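Descriptive structure summary
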Amino acid sequence: MAVLQTIRKRSGLLLLAIGFALLAFVVQDLFTKGFKSQSKDVGSINGKDISFDEFRIKVANAEKNGQNGQAITQTQAANQMWDQEIAIALISDQFEKAGIRTSENNIIEIFKKDPNIGQNPTFLNQLGKFDIAKFKEYFKNNPEQAKAFEDRQTDAEINAKYQIYSSMIKAGLYATNADGKFKYKLEADKINFDYVSVLYSTVKDSDVKVTDADILDYMKKNEKKFKAEETREIEYVLIEDKPSATDEAEMKSKINGLLTGSVVYNKETGVNDTLPSFKSAPNVADFIAENSDKAYDSTFVTKQDLPAEHADKLFALPAGEIYGPYINANYYCLSKAMGRKVGAKAKASHILISWEGTKLPNKKEKRTKEQAKAKADILLAQAIANPGNFMMLALTNSDDSSAQQGGDLGYFGPGQMVKPFNDYVFGNPVGKIGLVETEFGYHIINVTDKQDAIRLATVAQKIEPSEVTTNEIYTKATKFEMDATSNKDFAAVAKAAKLTVNPAVKAKAMDEAFGVAGSQRQIIKWAYTGGTSVGDVKRFEIVNVGNIIARLKKINEKGLMTVEDAKPSVEGIIKNKKKAEKIIAKMKGGSLEAIAKANATTVQNAPAASVENSVLANVGPEPKVIGAAFGTPSNKVSAPVEGNSGVYVVKTKAITKAPKLPKYDEYVAKIKAANGQAVGRIFPALKNDAEIEDNRLEFY
C-alpha cells in the first residue's frame, strides 16, 4: 500500500519524465530526417506530380491480380506501376505535342481486339459479329459495370493514340528507291584484297597495364553508356536458425520410438495405456495424424517421384514393412509400404492425323475424314513394319505439337488422356502399336513404357532447433551485432566469431532481393533511410532463415557507374587499345610482304568481302577493315587499322561493282522492316532525357 501511495505522489513527475522522453524522441527524429516532411506525391515526371493516393490503389490492384498468374510482392507491384506511370506520362506528352486525338471508333477498334470484349457473346449479334449497339446498351443498363469500365476506357484511349503515334513514326522513317539501291550495293559490291593481321592475342596481357584512371577516363568520354542509379552496398553475416547436432539426435530418438510400442499414463482413466508401434498400428491414417507434421498421402507414386537417395530401397519395400528413419528435406521420416499397383503410369508416342471438323486448332493440311483414315492406315502399316522409324514418321506427319519430340508424350496416369487413347495405352503391353479415333483425329499409338507405383504411409517430423538452440543463436547474433557496432573492422569481428562475411549486395532503392535470404525489403530500406551511414550495423531476425547482421559498406551516388562495375566490359577494350599501340609501332615496311616478315606472319587474302558481310575467314567480323579496303586506292598499302581482333594493313586488288537492277523493291522492303523496329527505341530515349523524381522510398 505504501508503494502505491508513493507512485501516486510521484505520478506528476513520472508523466513529466515521459513527456520529456517523447519530446526527445520527436526532436531526435526531426534531426535524423533533417526536418524533411513526407511528400504527398509518390514522385513527378517532367514536372507532373503522381499522387500517392491514386498510385497506391493501382499498386494494390496489381498486387492482387499478380503477373502471368503468379503472385507478386507489394514492392514488385510498386515497381511495375511506377514503370507504367513513367511510360504513360512520357508518351502522353508526345501525343499532346503531336496533336493526336482519338475518336470513339478508334477506341472501339481497340476493344474489339480484346478477346474478353470482342468475342464476348453479350456483345455479339446473330452472325457472331461485334455489335456496337449491344455494347453501348449493356453499359447503359448496367451503371455499376460502366463505372468499373472507366479505367479500361482510359487504357483503350492510350492504346489507340499509341497506334496512331507509332504509325506516324513509321511513316516518317520512309525508304526511297535510292535507299534501296544503296542497300543493294552494300550487300552486292564485292572487294578482293590482301592483308596482314597481327592479332591482339599475340601481345601478352602482362605487357599492358590498365589502371582505374584509364577506365574512369574511358567512361567519362562515353558518359551516356555508363550512367548508373544510386546504389547501396550492404555486406552481411548470416547466422542460420538451424538445429544443433543435439537437436537432430533428440529428433531421431523420438522418431525411433515410433518403431516400438510405448506405455503412457492416461490422466483421465488413471491407468497406463499401451500405444501401438507404427508397424502394428490398426489405423495408419490416424497414427500419422497423431505423430506426423505432414498429412497422410494415399496416392500411388512411381520410383521417379521418390527421394532420389532413398528411391531404390523405398520402391523395393515389401508390403507392411518399414524403411527408416531417413532424412528428406529437413524431416526425419519413417515410411511403411501399403501396396503396389502394376502399370500405374505409362509412356507413349503417337502420330495424330486430323481432318476438317476435329477439335485440333492448327492442322498441317486440310483433309476429309476419309482421307485422314487412309493416311493413318498407311502410317500404321509402316510403323508396325519398322517400329524404329516411329519417331521420324511422327516428326514428318503428325498434326500434334508433340511431332517435334518424335510424338513422345512422356509419362501420364490413368484418366489424363481422352478415353479411347487412355483405354488403348493402359489396355495393351509395351511395344504394342495400334490405331484409335478421338475427337482430335486418328492416333497411331506406340506404347513405349509402363511403370509400377507404390503407396507409402510416411511419418515425417520436422527437424527444428530447440528453444535452447534458438536462445544460443539469438545470443550469438546480438553479441556479434554489438561487437561489430563498436569495432570498425567488420571482417575481423566475423573472423573472431568464426563467421563468414557474405559478398556485399548492391541494391537500388526499390530492390528487395537480398542474397541467399531472398526477398528482404526491410534490410534495403534500412540502408537508404533513417540516417543510416556507411559503417552502420543492424541485426534483422528473418523467419525460417535466422539472423542477418548487415553493415552498410558503401554508397554509390547517382551518375557514372563505379570503376569496379565498368571494369568487366571496359578493361578488354582498353587493353586492346594499348596492345594496338605496341603492334602499330612494329608494322613498318613499304609492302605487305615486308610488314608480314617484320611481324613473323603471312599475307592473307579476302576474295569476295562486302560491307554487309564483313567477316574475315578464321577471324570474325571486321567491319572497319572491310571499310578501309573499300576506301584504299588499288595497289596502295593502307595505314594500320585497329579492328575487333587485331591490327590490319590492307592492299586492295579489285572491286567488283554489282550489276544494276531494274527495281530495288526487295531492298527498300528490308530498310522499311528495319525502320519498323525504331518505335521500340522511342521510350528509352524519352526516359533518358526526362526529369524524374522518385519518392517511392518514403512509402514502400
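Residues numbered from 1 in each chain as written. Predicted model: local features only at pLDDT ≥ 70, side-chain atom pairs only at ≥ 80, totals over all residues. Heavy atoms only, no water.

Put simply, G324 and P325 share a cis peptide bond, and its omega is 5°. Mapped onto the elements, P325 comes out in strand β9 (residues 322–327). In this model, A329 sits at a positive phi of 50°, which is unusual for a non-glycine residue. Counting through the fold element by element, A329 comes out in the loop between β9 and β10 (331–353). Taking the relative accessible area as the measure of exposure, A329 reaches 58% and is therefore exposed. Within the chain, N618 stands out as a residue other than glycine whose phi angle is a positive 65°. Here N618 lies in the loop between β19 (615–616) and β20 (620–621). Judged by its relative accessible area of 85%, N618 falls in the exposed class. (Helix = DSSP H or I, 4+ residues; strand = E, 2+ residues; numbered from the N terminus. Buried < 20%, exposed > 50% of the residue type's maximum accessible area, 1.4 Å probe, protein only.)

A separate point is the sheet that holds strand β14 (residues 501–507). Ordered in space as β14-β5-β16-β15, the four strands form an open sheet in which the pairing is antiparallel. Among the strands making up the open sheet, the edge pair consists of β14 and β15 (537–542). When strand polarity is set aside, the average angle formed by the axes of neighbouring strands in this sheet is 30°. Taken together, the six bridges between β15 and strand β16 (residues 546–556) define a ladder with antiparallel strand orientation. Bridged to V537 within β16 is R551. Sheet strands in contact with helix α20 (residues 521–528) are β5 (231–240), β14, β15 and β16, and its direction is about 135° off that of β5. (Pairing = 2+ DSSP bridges. Axes fitted to C-alpha atoms, helices over the stretch in contact; angles between N-to-C directions. Contact = heavy atoms within 4.5 Å.)

Right, let's talk about the side chain of S638 for a bit. Looking at the element boundaries, S638 is found in the loop between α23 (623–631) and β21 (641–642). Look past the residues within four positions of S638 in its chain and what remains in contact with it is T632, V649 and V650.

This part covers the sheet that holds strand β18 (residues 604–609). The strand order across the open sheet formed by four strands is β18-β3-β22-β21, and the pairing between neighbours is antiparallel. Because the sheet does not close on itself, it has two edges, and the strands there are β18 and β21. Pairing geometry for strand β3 (residues 190–199) and strand β22 (residues 646–656), over ten bridges, is antiparallel. Across the sheet, residue I191 finds its bridge partner in β22, namely I655.

With that settled, the discussion passes to helix α12 (residues 245–256). For α12, spanning twelve residues, the distance from its first C-alpha to its last is 16 Å, which sits close to the expected 16 Å at 1.5 Å a residue. Buried residues of α12: D247, M251 and I255, and no others. In an axial view of α12, the angular spread of the buried residues amounts to 65°, which keeps them on one side of the axis. Facing away from the buried side of α12 by over 90 degrees, the exposed positions are A245 and E250. Lining the buried residues of α12 we find β9, β10, β13 (441–462) and α18 (467–486). (Expected span 1.5 Å × (residues − 1). Arc of directions from axis to C-beta.)

Turning our eyes to something else, we now look at the environment of S166. Mapped onto the elements of the fold, S166 is located in helix α9 (residues 150–172). Given the relative accessible area of 11%, S166 is considered buried. Residues S166 and V679, spaced 513 residues apart in sequence, show a C-alpha to C-alpha distance of 6.2 Å.

Two numbers describe how helix α4 (residues 74–98) lies on helix α25 (residues 682–689): the axes approach to 10 Å, and their chain directions differ by 95°. Relative to α25, the element α4 lies roughly perpendicular. Together, I86, A87, L90, I91 and Q94 of α4 and F683, L686 and K687 of α25 make up the contact between the two elements. Residues of the contact of α4 with α25, tallied by class, amount to six nonpolar, one polar and one charged. (Parallel < 35°, antiparallel > 145°, perpendicular 65-115°, else oblique. Nonpolar A, V, L, I, M, F, W, Y, C, P; charged D, E, K, R; others polar.)

What follows concerns the pairing of β16. Counting buried residues along β16, eight of its eleven residues qualify, which places the element largely inside the surrounding structure. Bridge count between β5 and β16: ten bridges; the pairing is antiparallel. Within the sheet, the bridge partner assigned to T231 lies in β16 and is N556. As consecutive antiparallel partners, β15 and β16 are separated by three residues, and within that stretch N544 has a phi angle of approximately 65°, a positive value.

The next thing to look at is the packing of aromatic side chains. Tallied over the entire structure, the rule returns 26 aromatic pairs. Taking the centre distance of 5.9 Å and the plane angle of 50° together, the rings of F193 and Y195 count as tilted. No difference in accessibility class separates F193 from Y195, as the two residues are buried. With a centroid separation of 5.9 Å and an interplanar angle of 70°, the aromatic rings of W526 and F540 are classed as edge-to-face. Highlighted residues: W526 in helix α20 and F540 in strand β15, separated in sequence by 14 residues. What makes W526 buried here is its relative accessible area of 13%. The exposure class assigned to F540 is buried, which follows from its relative accessible area of 8%. The structure contains a cluster of three or more aromatic residues connected by ring pairs, namely F111, F123, F130, F135, Y138 and F139. (Phe/Tyr/Trp six-rings, centres within 6.5 Å; stacked < 30°, edge-to-face > 60°.)

Using the criterion set out here, one finds 38 salt bridges in the structure. Between E157 and K161 there is a salt bridge whose closest N-O contact spans 3.6 Å. Here E157 and its partner K161 are both found in helix α9, four residues apart, which amounts to about one turn of the helix. E157 sits in the partly exposed class, given a relative accessible area of 32%. K161 gets classed as buried once you look at its relative accessible area, which sits at 18%. For D205, the salt bridge goes to K579, with nearest N and O atoms at 2.6 Å. With D205 in the loop between β3 and α11 (212–221) and K579 in helix α21 (residues 563–586), this pair connects stretches of sequence that are 374 residues apart. Beyond isolated ion pairs, a larger network of salt bridges with shared partners links K183, E187, E612 and K670. (Salt bridge = Lys/Arg side-chain N within 4 Å of Asp/Glu carboxyl O.)

Right, let's talk about the confidence of the model for the protein chain for a bit. Mean pLDDT over the protein chain works out to 89, with 94% of the residues at or above the 70 mark. Per-element mean pLDDT across the protein chain ranges from 31 in helix α1 (residues 2–9) up to 97 in β21. Here residues 1–37 scores under 50 on pLDDT; set against residues more than four positions off or in separate chains, the count is four contacts. (pLDDT = per-residue confidence, 0-100.)

Here the focus is the environment of T532. Structurally, T532 is set in the loop between α20 and β15. Between the C-alpha atoms of T532 and L552, which are 20 residues apart in sequence, the distance is 7.8 Å. Those residues in contact with T532 that lie beyond four places of it in its chain are W526, A527 and L552. For T532, the side chain forms a polar contact with the main-chain oxygen of W526, separated by 2.6 Å. (Polar contact = N/O pair within 3.5 Å; in protein donor to acceptor, adjacent residues only side chain to side chain.)

Running from amino to carboxyl end, helix α5 (residues 104–113) crosses α9 at an angle of 105°, the nearest separation of the two axes being 8 Å. By the angle class used here, α5 and α9 are roughly perpendicular. Packed against α5, whose contacting residues are N106, I107, I110, F111 and K113, the element α9 presents R152, Q153, A156, E157, N159, A160, Q163 and I164 at the interface. Partitioned by chemical class, the residues of the contact of α5 with α9 number six nonpolar, four polar and three charged.

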